[in-house]
Amino acid sequence: MNEPARQQPAPDPRPIEERLDHPVGERAPITPRERMTILRQLMPEQDPDDRATNFAEVNLGFTEKLAVIEAERCLQCKNPVCITGCPVRVNIPQFIDLLARGDMRGAADSLLDDNALPCVTGRVCPQESQCEAVCLRGKKGDPVAIGYLERFVADWANRHRDGATVAPASSGKSVAVIGSGPAGLTAAGELAKHGHAVTVFEAFHAAGGVLIYGIPEFRLPKDIVHDEIERLEALGVRIEPNAIIGNTYTLDELREQFDAVFIAVGAGLPVFMDVPGENLKGVYSANEYLTRVNLMGAYRPDSDTPVLHGQRVAVVGGGNVAMDAVRTARRLGAEEAIIVYRRGEQELPARREEVHHAQQEGIRFELQVAPVEVVGENGWVTGLRCVRMELGEPDESGRRRPVPVPGSEFVIDCDMVVVAIGTRSNPVLTTSAAGLNLNQWGYIEVDGAGMTSIPGVFAGGDIVRGAATVILAMGDGKNAAAAIDAYLAGALPAS
Amino acid sequence: MHPIVGKSQLSPNVTRLIVEAPRIAQIREPGQFVIVRAAEGAERIPLTIADADPERGTITLIVQAIGKTTEDLVALEVGGVIRDIAGPLGKSTELLESGHAVCVGGGVGTAVILPIAQGLQRAGVRVTSVIGGRSREWVILEDELGEAGEVVVCTDDGSYGRPGFVTQALADVIASEKVDAIYAVGPVPMMRAVAEMTRPAGIHTVVSLNPIMVDGTGMCGGCRVSVGGETRYACVDGPEFDGHAVDFALLGDRLGIYRDFEQAALERRHCALAAQLAAAR
């Protein structure tokens, strides 16, 4: 610890930003008072008018200079609450401190030790409701931009891979991971670090789950996901695509062939609105729309996989998936792309940055509005009949329940509707596995260690908790990997 | 990677590919299908598993070349590979356990009824197959179906077998003998006509639906069909349904979602081929 360096007063009259231009060791230290005056650095981003017509990433990433300035804002709290705010418990102050000192390798190693997919989480985590929500600097002013710093360090690590990844010594144990989304990949990485032979089974032809089929290129470039997966493969993780558990193999077969199994298949079934007209041509589930565009590359003009290019597109829902869909429609040429959400702006479940980016890109928000019918002509969508909502008494979620305003019906003219109101559990695996206990919604029941009713079979991510976030799924993957490791060592009794 | 080990032309635009897929060959059942992605960048399309040889570890795919993706697929030769095959998907056929079944196949739908007819025969059910095509050269799988029972062949122009549509031949079978179930697969108008014909007599009629799909596991909802007024996913709830409950108009309509796109893709492909040919000269 070089703490004394930080505590010395610095009689350097130059602005902090200028002083931070100099390498550590050649620059005067920052005083605590000065540290408090540094403002949160802004993420450089593509111009909204440009980016609304392309699929390149919106956020361009911090420069090293911006990153070091932002890192100097961290107070290195004795009781780092940010760590407890993180579902995978990244040692945030440590990697930020190493970054501030210019020790990029150290920062990268520290981050990667805690987080299997930092390039991903640095881009898609809802930091404002997790680590940054509890950051002390946020009590007065803006919290440290932990997500942007994570992304910077992770991208640096990606560019500076030494290539000499050594697969750990074999434990002699094997684990099957079902699903290659964030929960499955995180668990696979952790298990491989412990020397277990991991095989990941993926239903699609490419690994990554929602990171590949769901989250668009402009928010999470697919090359980054491929890089993260390559790093896991270098650790010895084997990926078997086109393998649908419940169809291609049964859970029982995996149980026989592997010492433990981790089920992380997500909540892959789309929920529709259950209103008339939903089977008209031009109505998509967000799953289908985004899969066509992202996984199948339908945004490219020469793509073999088709997707409709709506001119006026209504997207129903207010979460991240809805924002992804509406911004995708805009990029595919929609003159008007509209979010239709039944509650108000404050209740939008999407990350704040996504809502902000959507607004910048000219997305129209129809708030406190609920669809009652998809209107069509000759089998094609021509509009979405809606009713205005007002907020009534709080419901079981604590949010005020929207109730329809009588006589307020109106039609939003549109030629395409994307339904992004959530997903539920897919029964292909769960109903084909005897002895696997499910709850009333079809999600898998697990004990405190993440083990299901079948000994040696663990589960995590959306198939346990219902549709949630990438980082919560990763947290489940990390916890399950620790429990599986203990189980394989005989330290966790079969429940 | 799935090497192609056999290829033959069944009709002017229908090709049979025999492909290595050992796991699927071992466990597939009649009625099930696979999702195929021919190469990197190709579209994912569903194809019925028309036959399988568990010993050789191969499955048979029968492909009608009607668009860019299917033309690419049938352009593959023995020694080439199909990049991705996922399956077996969908529910297997609920086979009659005894009695007399009629299997009706129209065009490439005949490829879907072949494994059903084979399964019925194995179960000890008497099978009559009624298959048809525009003219003689469009009739497929007559010999293969002949191994499962009697075959009635119809051609629209009368150039082979009995003249007329399969529905007329089916009407004669129903009129002359007891039929316990009908399995009908073919173009939407054909399946609808069969269902309408068997409805008055209340003969159980199973149809196999071929809506547009992406994943084949229930995650996209693109293949939704209306059966008995309820929305069902053909990929996981089907592909076979009670023909008397299916909304065929909706099915036919939804199959046309990408018609313009498909036409453009096909034209692009043909232009590219023409350019290649010109360059080769």
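Structural data are supplied above this passage.
It should be emphasised that the depicted structure is a prediction, and the values quoted were computed from it without experimental measurement.

### Some details on the pattern of salt bridges
Item 1. All chains considered together, the criterion is met by 47 salt bridges over all chains.
Item 2. Between Glu354(A) and Arg351(A) there is a salt bridge; the shortest N-O distance is 2.5 Å. Each member of the pair, Glu354(A) as well as Arg351(A), carries the same accessibility label: buried.
Item 3. The closest approach of N and O atoms between Arg83(B) and Asp84(B), which form a salt bridge, is 4.0 Å.

### Observations regarding the pairing of strand E8 (residues 100-106) of chain B
Residues and elements named next belong to chain B.
Item 1. Along E8, seven of the seven residues are buried, which leaves the element largely enclosed by surrounding structure.
Item 2. Side chains His100, Val102, Val104 and Gly106 of E8 all project onto a buried face; the interleaved residues Ala101, Cys103 and Gly105 project onto the opposite face, where all are buried too.
Item 3. As paired elements, E8 and strand E9 (residues 126-133) share seven bridges and run parallel to each other. Bridge assignment links Val102 to a residue of E9, and that residue is Thr128.
Item 4. Taken together, E8, helix H3 (residues 110-122) and E9 constitute a β-α-β crossover, and its handedness is right-handed.
Item 5. Summarising the sheet, E8 and strand E12 (residues 181-185) pair through five bridges and their orientation is parallel. Considered in E12, the bridge of Gly105 is made with Val185.

### Digging into the sheet that holds strand E8 (residues 336-341) of chain A
Residue and element names in this part refer to chain A.
Item 1. Ordered in space as E6-E14-E7-E8-E9, the five strands form an open sheet in which the pairing is parallel. At either end of the open sheet lies a strand with only one pairing partner, and these are strand E6 (283-285) and strand E9 (364-367). Neighbour to neighbour, the strand axes of the sheet diverge by 20 degrees on average, direction disregarded.
Item 2. In this structure, strand E7 (residues 312-316) lies alongside E8, joined through five bridges in parallel fashion. Within the sheet, the bridge partner assigned to Val316 lies in E8 and is Val340.
Item 3. Where helix H17 (residues 320-331) meets the sheet, it contacts E7, E8, E9 and strand E14 (416-419), and its direction lies at approximately 165 degrees from that of E8.

Procedures and definitions
- Residues numbered from 1 in each chain as written.
- Chains lettered and ligands numbered in written order.
- Predicted model: local features only at pLDDT ≥ 70, side-chain atom pairs only at ≥ 80, totals over all residues.
- Heavy atoms only, no water.
- Salt bridge = Lys/Arg side-chain N within 4 Å of Asp/Glu carboxyl O.
- Buried < 20%, exposed > 50% of the residue type's maximum accessible area, 1.4 Å probe, protein only.
- Helix = DSSP H or I, 4+ residues; strand = E, 2+ residues; numbered from the N terminus.
- Pairing = 2+ DSSP bridges.
- Right-handed = clockwise from strand over helix to strand, strands pointing away.
- Axes fitted to C-alpha atoms, helices over the stretch in contact; angles between N-to-C directions.
- Contact = heavy atoms within 4.5 Å.

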